[in-house]
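Per-entry structural report
Each chain is listed here by its residues.
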2 protein chains.
Amino acid sequence: MQKLIIGIDLGGSSCKVGLVNREGQLLHFLVKPTPVDEGYTHVLSLFQQMTEQLLQEAGNSWDEIAGIGVGVPAILNLEKGDIVEAVNLKWKHVPFREDLERLWQVPVRVDNDSNVAALGEMWTGAGKGVSHLLCLTIGTGVGSGVIINGQIYHGANASAGEIGHMQVREEGGRPCNCGRSGCLETEVSATAILSDALEQVQGLDTGILREEYLRTGCLTAKSVIQYAQKGDPTSLAILERVGILLGKTLARMCYLLNPQLIVIGGGVSNAGDALFKPLNQAFRTAEMPRVFENTTIVKAQLGNQAGMIGAAWLIHDLIP
Amino acid sequence: MQKLIIGIDLGGSSCKVGLVNREGQLLHFLVKPTPVDEGYTHVLSLFQQMTEQLLQEAGNSWDEIAGIGVGVPAILNLEKGDIVEAVNLKWKHVPFREDLERLWQVPVRVDNDSNVAALGEMWTGAGKGVSHLLCLTIGTGVGSGVIINGQIYHGANASAGEIGHMQVREEGGRPCNCGRSGCLETEVSATAILSDALEQVQGLDTGILREEYLRTGCLTAKSVIQYAQKGDPTSLAILERVGILLGKTLARMCYLLNPQLIVIGGGVSNAGDALFKPLNQAFRTAEMPRVFENTTIVKAQLGNQAGMIGAAWLIHDLIP
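Residues numbered from 1 in each chain as written. Chains lettered and ligands numbered in written order. Predicted model: local features only at pLDDT ≥ 70, side-chain atom pairs only at ≥ 80, totals over all residues. Heavy atoms only, no water.

Mapping chain A onto chain B is achieved by rotating through 180° and translating by 0.0 Å along the same axis, at an RMSD of 0.0 Å. Seen this way, the second copy is the image of the first under a two-fold rotation axis. Minimal C-alpha distance to the rotation axis in chain A is attained by Met253(A), lying at 3.6 Å. A share of 100% of the interface residues of chain A reappears at the interface of chain B, consistent with the copies meeting face to face through the same patch. (Least-squares fit on C-alpha atoms with pLDDT ≥ 70 in both. Contact = heavy atoms within 4.5 Å.)

Moving on to the confidence of the model for chain A. With 100% of its residues at a pLDDT of 70 or more, chain A shows a mean pLDDT of 95. In the predicted complex, the global pTM is 0.95; the interface-specific ipTM is 0.94. (pLDDT = per-residue confidence, 0-100.)

We now examine the environment of Asp99(A). Residue and element names in this part refer to chain A. Examined against the element boundaries, Asp99 turns out to sit in helix H2 (residues 96-104). Note on Asp99: relative accessible area 15%, which makes it buried. Sequence separation between Asp99 and Asp82 is 17 residues; the distance between their C-alpha atoms is 9.5 Å. Only 2.7 Å separates the side chain of Asp99 from the side chain of Tyr40, close enough to count as a polar contact. (Helix = DSSP H or I, 4+ residues; strand = E, 2+ residues; numbered from the N terminus. Buried < 20%, exposed > 50% of the residue type's maximum accessible area, 1.4 Å probe, protein only. Polar contact = N/O pair within 3.5 Å; in protein donor to acceptor, adjacent residues only side chain to side chain.)

At the interface, 38 residues of chain A touch 38 residues of chain B. Counting the surface lost from both chain A and chain B, the interface buries some 3600 Å², and carbon and sulfur atoms represent 54% of this. It is Arg252(A), Leu256(A) and Arg290(A) in chain A that bury the most area against chain B; as a group they hold 23% of the surface buried on that side. Run the count over chain A and chain B and you get four salt bridges. Glu170(A) is paired through a salt bridge with Lys248(B); the nearest N and O atoms lie 3.2 Å apart. The tally of links between chain A and chain B comes to 34 residue pairs in polar contact (both at pLDDT 80 or more). Where the side of chain A that touches chain B is concerned, the elements lending two or more residues are strand E5 (75-77), strand E10 (142-148), helix H8 (233-257), helix H9 (273-286) and helix H10 (289-292) of chain A. Tallied by class, residues from the side of chain A that touches chain B come to 19 nonpolar, twelve polar and seven charged. (Buried area = accessible area lost by both parts, 1.4 Å probe. Salt bridge = Lys/Arg side-chain N within 4 Å of Asp/Glu carboxyl O. Nonpolar A, V, L, I, M, F, W, Y, C, P; charged D, E, K, R; others polar.)

Residue and element names in this part refer to chain A. Inspection of the secondary structure assignment puts Asn21 in strand E2 (residues 14-21). Within the structure, the side chain of Asn21 is placed 3.0 Å from the backbone nitrogen of Glu23, a separation counted as a polar contact. Apart from residues no more than four positions distant in its own chain, Asn21 is found in contact with Lys3, Leu4, Leu27 and Trp123.

What follows is about the pattern of salt bridges. Residues and elements named next belong to chain A. Taken as a whole and judged by the stated rule, the model has 24 salt bridges over all chains. Across the pair Asp317 and Arg109 runs a salt bridge whose closest N-O atoms are separated by 2.8 Å. Linking Asp317 in the segment after helix H11 (306-313) with Arg109 in strand E8 (residues 108-112), this pair joins segments that are 208 residues apart in sequence. Classification of Asp317 as partly exposed rests on a relative accessible area of 48%. Each member of the salt-bridge network shares a partner with another, and the members are Arg169, Arg174, Glu187 and Glu199.

A few words now on the packing of helix H5 (residues 190-202) of chain B against helix H6 (residues 208-216) of chain B. Residues and elements named next belong to chain B. Following both chains from N to C, one finds H5 and H6 inclined at 95°, their axes separated by 9 Å at the closest point. What the angle tells us is that H5 and H6 run roughly perpendicular. Within the contact between the two elements, H5 uses Ala197, Leu198, Val201 and Gln202 and H6 uses Leu209, Arg210 and Tyr213. Each residue belonging to the contact of H5 with H6 can be placed in one class, and the counts come to five nonpolar, one polar and one charged. (Axes fitted to C-alpha atoms, helices over the stretch in contact; angles between N-to-C directions. Parallel < 35°, antiparallel > 145°, perpendicular 65-115°, else oblique.)

Bringing the sheet that holds strand E1 (residues 4-10) of chain A into the picture now. Residue and element names in this part refer to chain A. Read from one edge to the other, the open sheet built from five strands follows the order E3-E2-E1-E4-E8, with strand pairing classed as mixed. Sheet topology places strand E3 (26-33) and E8 at the edges, where each strand pairs with a single neighbour. Neighbour-to-neighbour, the strand axes of this sheet turn through a mean angle of 15°, independent of strand direction. Bridging between E1 and E2 involves seven bridges; their strand directions are antiparallel. From the neighbouring strand, Ile5 faces E2, where its bridge partner is Val20. (Pairing = 2+ DSSP bridges.)

Structure below.
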């Protein structure tokens, strides 16, 4: 009786393997570091070991598994399930799905990490019941998944939603590793918040951010977010700039996509009102009333579990 | 034997009624001025009169008509086929599809003008055989239709693709009737080209544009396009600015949508290389190689017939 799914969220730093039921509930999961330097075959061995351990700990058997969905930070050839390139994993041109189906002898489906996060939020998170939604993940980088009619929209060659290098600042943007400057990733990510904070503390005489910097010799985006929540004006101003730029950018996207919902996840989304207030205001100012009245912007709900749940969603139609 | 479709393209200035076969060929058509000032019921009477005349002239009968598709410059409630608002026609809240089905006693489907133009190009024009495409119409205003999996994508409340008021210039943009400035419509439309030309001729001592302006007392976007094709440097510079801005804007859209094809129609698309060369170069510069290598930008092929053919497409699945 195949009533369960294994959802895997493979990242550059950790590998998460979860057991999910037909309702999208995460029943049990394991997390281990990704052995990036050991290479591709080591990751496959880890997959095998972790899935066995998962089933053993949960008290389930392979007979109950309808299939395995995998989210991976990669450019994919979706038809074949091949990985074209996974920069953070240092993989190029590997027959991923084929290898995994040989390994497990159950159906395997793969998609990229931003897309499975979006599917997770659609299935049981902030986007539950919504057909047309845009789900951004804002952490070190910026990714998104475009959901249309309840399905991930992949585009011409699986690049739809890869918004990290969309230019959002014409003048004075930070240089990006893509060779341009002012990309969404250099302006609103955790990396952008950190850069801004480091620039700010140089020019300050006092303040909690500068104190931390002088005490510890470093800063993180997380500390900026925490200080903002405590009311630190410098941290609030940094997040306000991010919120305004993100709000304007989302407005531009909505002229094209008119989604019902925009879900924002990733570490930066933890900033709460310090981010969402200026964001929402900039969005409303830049968008037609007809659209902003019909588009809600919310924080993601599933946190680090979105990837596993969304990866499992790739298999949900195989459960009888 | 229902083997034919009537496709209607209702605009603010003209009403086009065409007879289309199951392959999307336009067999016969009529064009008359839209009686905007006479109001809604006069337009319905015109529809009735023109469809009768069309069938008579073509030698066909109502028995052969599978249905009627209508494109209309309006915000629609698609579920009911009601018009929420059609500014140029001065209509608000009319039960459009219901009235038309009562009038004709055949199935009627409606969509907005930009969407049916996109469907026409997809069916028999520049987008033939393409599943994911973006089709822009750039004339007095700017509209677009987003086609995904061979269907128009409407979004949360039928506003998807309404890109005219997307802000594309942060600083120094022209004021727009939406209350903001630097909208796509104020920067790349025929209206924008004309505004730019009028500004240019004030500062010029010589040149073909200035000569026409002094001789006739006016200028048109069409004359700018014609002079550019003859090599006039002022006209070329105007279209280059439009091309660059449009190329950058399309690049931003493609980060989200990754279409196979972008089709550009409307009067401004007649500018040829003077527009498309700078446009393509700006697009390639602003876009990831992976996307620009897979996205082609072409001129629309169906001209003023796209609307009738695309409106007919709304009915194509009703032909046995």
